[in-house]
Amino acid sequence: MDTGELIRRATAAGITIATAESCTGGMIAAALTDIPGSSAVVDRGFVTYSNAAKMQMLGVKAETLDAVGAVSEEVATEMAAGAVQNAGVTLAVSVTGIAGPGGSEFKPEGRVCFGLARAGQTAQTETVEFGAIGRANVRAATRDHALELLAQAVLEIERETGS
């Protein structure tokens, strides 16, 4: 589903959305708000590039960051859950990753962890290895994948509610 359809369906179903972004720096929220009428759906975007911002704005725990680092499914979970809680929205998607250049043996360039949280439910996470395809390409692929996760969640809510 394209982003316009995502916004139309979310609007019809009464779904609200927030984003919690690190490596994309607001690209997901920008893609959503490029669509006319998105104000009915998009509440806010948290751009939490630093660990301090992740903790202050989203409630990511220092212990989690110390134990597994910012690029982890655990942090993606806490980011998405914090966005749902702090914005009071239906859905939130989070991204944290290594856009490049660089990375390490343990966290290579192109690794992005995604979180998807829904009010009243446990957040779901996944890690995608986009590879060393360049910073701009990793960020664009991350944006597109996050939008697809939101689209899937909207479809699931439609199925559950009969919207």
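See the structure printed just above.
Read on for a plain summary of the structure. Just so it is clear, the structure is predicted and the values come from calculations on it, not from any experiment. (Residues numbered from 1 in each chain as written. Predicted model: local features only at pLDDT ≥ 70, side-chain atom pairs only at ≥ 80, totals over all residues. Heavy atoms only, no water.)

1. Describing the overall build of the chain
Right, on to step 1. What the chain contains, in helices and strands, is 6 helices and 5 strands.
Right, on to step 2. For the chain, the succession of helices and strands along the chain, N to C, is α-β-α-β-α-α-α-β-β-β-α.
Right, on to step 3. A compact globule built from 163 residues would reach a C-alpha radius of gyration of about 15 Å, and the chain, at 15 Å, matches this within 12%.
Right, on to step 4. Taking the principal axes of the C-alpha coordinates as reference, the chain spans close to 45 × 30 × 25 Å.
Right, on to step 5. Counting across all 163 residues of the chain, residues that qualify as buried make up 47%.
Right, on to step 6. Excluding contacts between residues fewer than 6 apart, the proportion of contacts in the chain whose partners are at least 24 apart in sequence is 63%.
Right, on to step 7. Summing over all exposed atoms, the chain offers an accessible surface of approximately 7300 Å²; the carbon and sulfur share of this is 50%.
Right, on to step 8. Within the chain, one finds 12 positive and 19 negative side-chain charges whose respective centroids are separated by 3 Å. (Helix = DSSP H or I, 4+ residues; strand = E, 2+ residues; numbered from the N terminus. Rg over C-alpha atoms; globule rule 2.2 N^0.38 Å. Buried < 20%, exposed > 50% of the residue type's maximum accessible area, 1.4 Å probe, protein only. Contact = heavy atoms within 4.5 Å. Areas by Shrake-Rupley, 256 points an atom, 1.4 Å probe, with all protein chains shown as cover. Lys, Arg positive; Asp, Glu negative; His and termini not counted. Charge placed at Lys NZ, Arg CZ, Asp CG, Glu CD.)

2. A closer look at the pattern of salt bridges
Right, on to step 1. Following the criterion strictly, the structure yields 9 salt bridges and no others.
Right, on to step 2. Between arginine 44 and aspartate 43 there is a salt bridge whose closest N-O contact spans 2.4 Å.
Right, on to step 3. Overall, the relative accessible area of 38% leaves aspartate 43 in the partly exposed class.
Right, on to step 4. Taking the shortest distance from any N to any O, the salt bridge between arginine 111 and glutamate 129 comes out at 2.6 Å. Of the two residues, arginine 111 is situated in strand 4 (residues 111-118) and glutamate 129 in strand 5 (residues 124-129); the sequence distance between them amounts to 18 residues.
Right, on to step 5. With a relative accessible area of 46%, glutamate 129 lands in the partly exposed category.
Right, on to step 6. Ionic contacts of the salt-bridge type, sharing partners, join the residues Glu5, Arg8, Arg9 and Glu158 into one network. (Salt bridge = Lys/Arg side-chain N within 4 Å of Asp/Glu carboxyl O.)

3. Details of the sheet that holds strand 1 (residues 17-21)
Right, on to step 1. Strand order in the open sheet formed by 5 strands is 2-1-3-4-5, and the pairing between neighbours is mixed. The outermost strands of the open sheet, each flanked by one partner alone, are strand 2 (42-47) and strand 5. Each strand of the sheet is rotated relative to its neighbour by a mean of 15°, with strand direction disregarded.
Right, on to step 2. Sheet strands in contact with helix 6 (residues 135-161) are strand 1, strand 3 (91-97), strand 4 and strand 5, and its direction is about 25° off that of strand 4. (Pairing = 2+ DSSP bridges. Axes fitted to C-alpha atoms, helices over the stretch in contact; angles between N-to-C directions.)

4. Points about the pairing of strand 1
Right, on to step 1. Most of strand 1 sits inside the fold, with 5 of its 5 residues counted as buried.
Right, on to step 2. Residues Ile17, Thr19 and Glu21 of strand 1 are buried on one face, and the alternating residues Ala18 and Ala20, pointing to the opposite face, are buried as well.
Right, on to step 3. Note: strand 1 against strand 2, 5 bridges, orientation parallel. Counterpart to glutamate 21 in the pairing with strand 2 is valine 47.
Right, on to step 4. The parallel pair strand 1 and strand 2, bridged by helix 2 (residues 27-33), forms a crossover whose chirality is right-handed.
Right, on to step 5. Judged from the 5 bridges that link them, strand 1 and strand 3 form a sheet pairing that is parallel. Along strand 3, the bridge assignment pairs alanine 18 with alanine 92. (Right-handed = clockwise from strand over helix to strand, strands pointing away.)

5. A look at the packing of helix 3 (residues 51-58) against helix 5 (residues 73-87)
Right, on to step 1. The N-to-C vectors of helix 3 and helix 5 enclose an angle of 40°; their axes lie 9 Å apart at closest approach. Considering the angle they form, helix 3 stands oblique to helix 5. Contacts between helix 3 and helix 5 involve Lys54, Met57 and Leu58 on the former and, on the latter, Val75, Glu78, Met79, Gly82, Ala83 and Asn86.
Right, on to step 2. Considered class by class, the residues forming the contact of helix 3 with helix 5 number 5 nonpolar, 2 polar and 2 charged. (Parallel < 35°, antiparallel > 145°, perpendicular 65-115°, else oblique. Nonpolar A, V, L, I, M, F, W, Y, C, P; charged D, E, K, R; others polar.)

Taken by themselves, the reported measurements are silent on function.
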